[in-house]
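Working through the structure, step by step
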Amino acid sequence: MSETKHPSGAPWRNFYGRFKGKGLRKSQERYLDEDLAALSPGPVGWEENPERAPLDVAALFGGRDLWLEIGFGGGEHLVHQAAGNPQVGIIGAEPYINGVAMLLGKVREAGVDNLRIHPGDARDLFDVLPERSVSKAFLLYPDPWPKTRHHRRRFVTPEHLEPLSALMKPGAEFRVATDIPDYVRQTLEQVPRFGFAWQAEGPEDWRRPWDDWISTRYEQKALREGRVPHYLTFRKV
C-alpha cells in the first residue's frame, strides 16, 4: 500500500505542537518581516523543494562544522551557542512562530551571523540535510507529552531518531535535557537503538549541566516547580 501524500508531494506527517500562541508584538512582527527570510538555510519545505534536494551546507557556512538545535523554544540557548562558537554554523528548527520571533530579537541584539532558522517541523529539515553532515545536535526540554497514550508523539521515537542518526557524523554529540523522569527513561531506551552510546560514567554526568550550558526559561520553570533536570550526552558510534 503506497504512502498517503499531500498534493505537494509531501508525506502526511501529523504535527501535534502549537504553531502560534498569543499575539505578537509589533517589534516581533517586524523581525519576522525583515529578518527571517535572510536567515533561511535554503529550500526546506516541500513546496519549494519537492525533489528534496540536499542543502549545500558547505556553502552555507563556509565549510564550518554544522550543529543543529531541534525545537529551540525562545532561542536563548541557540544564540548563546552561536555567539560562543563562531567557528561553527548552527541551524535551529522551531515550528512555534512566537519562539521564532523571540529568537530573531535575540539575534539582532547579539549580532551573530553563523545561525540559520527553519521555522517549521524538524522532520522536513532532516529530509534535506546531507547524511553525516551534523557534528552536534541539541534536544533541550522537548514537549514531554506526559500521558501514556501520547508518548508516540515524543521526539525520542523511531520516526525522528532514525533520520537524525543518518545526519550525524561518526563521533558526533547528541545532547538531551529534560526534567521529566519518564522522558529520561524513554530516551535511554530508544536513543541507543539508533547508533548512539550514552556517555555517562557516574551520576554527576547526568546531574551536572554541560560546561557551556545556559539555563533556559523552560529549565527555570522546572526548577521553580521542583523538578530535577537531567543532562544526557550521547555519542554517535
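Use the structure listed above.
All of the points below concern the structure found in this document. (Residues numbered from 1 in each chain as written. Predicted model: local features only at pLDDT ≥ 70, side-chain atom pairs only at ≥ 80, totals over all residues. Heavy atoms only, no water.)

**What about the overall build of the protein?**
When helices and strands are counted, the protein shows 9 helices and 7 strands. With the C-alpha coordinates aligned to their principal axes, the bounding extent of the protein is approximately 50 × 45 × 35 Å. Among the 237 residues that make up the protein, the fraction classed as buried is 49%. Long-range pairs, those at least 24 residues apart, make up 79% of the contacts in the protein with a sequence separation of at least 6. For the protein, the accessible area works out to roughly 12,000 Å², and carbon and sulfur atoms hold 51% of it. Looking at charge distribution, the protein has the averaged site of its 33 positive side-chain charges lying 5 Å from that of its 33 negative ones. (Helix = DSSP H or I, 4+ residues; strand = E, 2+ residues; numbered from the N terminus. Buried < 20%, exposed > 50% of the residue type's maximum accessible area, 1.4 Å probe, protein only. Contact = heavy atoms within 4.5 Å. Areas by Shrake-Rupley, 256 points an atom, 1.4 Å probe, with all protein chains shown as cover. Lys, Arg positive; Asp, Glu negative; His and termini not counted. Charge placed at Lys NZ, Arg CZ, Asp CG, Glu CD.)

**Points about the packing of helix H1 (residues 26-35) against helix H4 (residues 97-110)**
Orientation of H1 relative to H4, taken along the N-to-C sense of each, is 80 degrees, at an axis distance of 9 Å. Comparing the axis directions of H1 and H4 gives the class roughly perpendicular. Residues Gln-28, Arg-30, Tyr-31, Leu-32, Glu-34 and Asp-35 of H1 touch H4, and the partners they reach there are Ile-97, Val-100, Ala-101, Met-102, Leu-104, Gly-105 and Arg-108. (Axes fitted to C-alpha atoms, helices over the stretch in contact; angles between N-to-C directions. Parallel < 35°, antiparallel > 145°, perpendicular 65-115°, else oblique.)

**Points about the packing of aromatic side chains**
Counted according to the given criterion, the structure contains 7 aromatic pairs. Each ring, one from Phe-174 and one from Phe-196, has its centre 5.5 Å from the other, and the planes form 50 degrees; the classification is tilted. Highlighted residues: Phe-174 in strand E5 (residues 168-178) and Phe-196 in strand E6 (residues 196-198), separated in sequence by 22 residues. The exposure classification of Phe-174 matches that of Phe-196, with both residues buried. Taken together, the ring pairs connect Phe-174, Phe-196 and Phe-234 into an aromatic cluster. Sitting over the face of the ring of Trp-67, Lys-136 holds its NZ or CZ atom 4.4 Å from the ring centroid. Just above the ring of Trp-145 sits the side chain of Arg-153; from NZ or CZ to the centre is 4.9 Å. (Phe/Tyr/Trp six-rings, centres within 6.5 Å; stacked < 30°, edge-to-face > 60°. Lys NZ or Arg CZ within 6 Å of the ring centre and 35° of its normal.)

**Some thoughts on the sheet that holds strand E3 (residues 115-118)**
Here we have 7 strands laid out as an open sheet, ordered E3-E2-E1-E4-E5-E7-E6, and mixed in their pairing. The two strands at the open ends of the sheet, each matched to only one other strand, are E3 and E6. Averaged over all adjacent pairs, the angle separating strand axes in this sheet is 20 degrees, with direction ignored. Its contacts with the sheet place helix H3 (residues 76-84) against strand E1 (65-70), strand E2 (88-93), E3, strand E4 (134-140) and E5, and it is angled at close to 170 degrees to E2. (Pairing = 2+ DSSP bridges.)

**Observations concerning the pairing of strand E7 (residues 230-236)**
A large share of E7 lies buried, amounting to 6 of its 7 residues. Sheet topology note: the E5/E7 ladder contains 6 bridges and is antiparallel. Across the sheet, the residue bridging to Ala-177 is Tyr-231, located in E7. Pairing geometry for E6 and E7, over 3 bridges, is antiparallel.

**Structural notes on the packing of H3 against H4**
In the contact formed by H3 and H4, the axes pass within 9 Å of each other and the chain directions differ by 25 degrees. With respect to H4, the axis of H3 lies roughly parallel. Between H3 and H4 lies a crossing of right-handed hand. Residues Glu-76, Leu-78 and Val-79 of H3 form the contact with H4, whose participating residues are Leu-103, Lys-106, Val-107 and Ala-110. (Left-handed = near helix turned anticlockwise from the far one by under 90°.)

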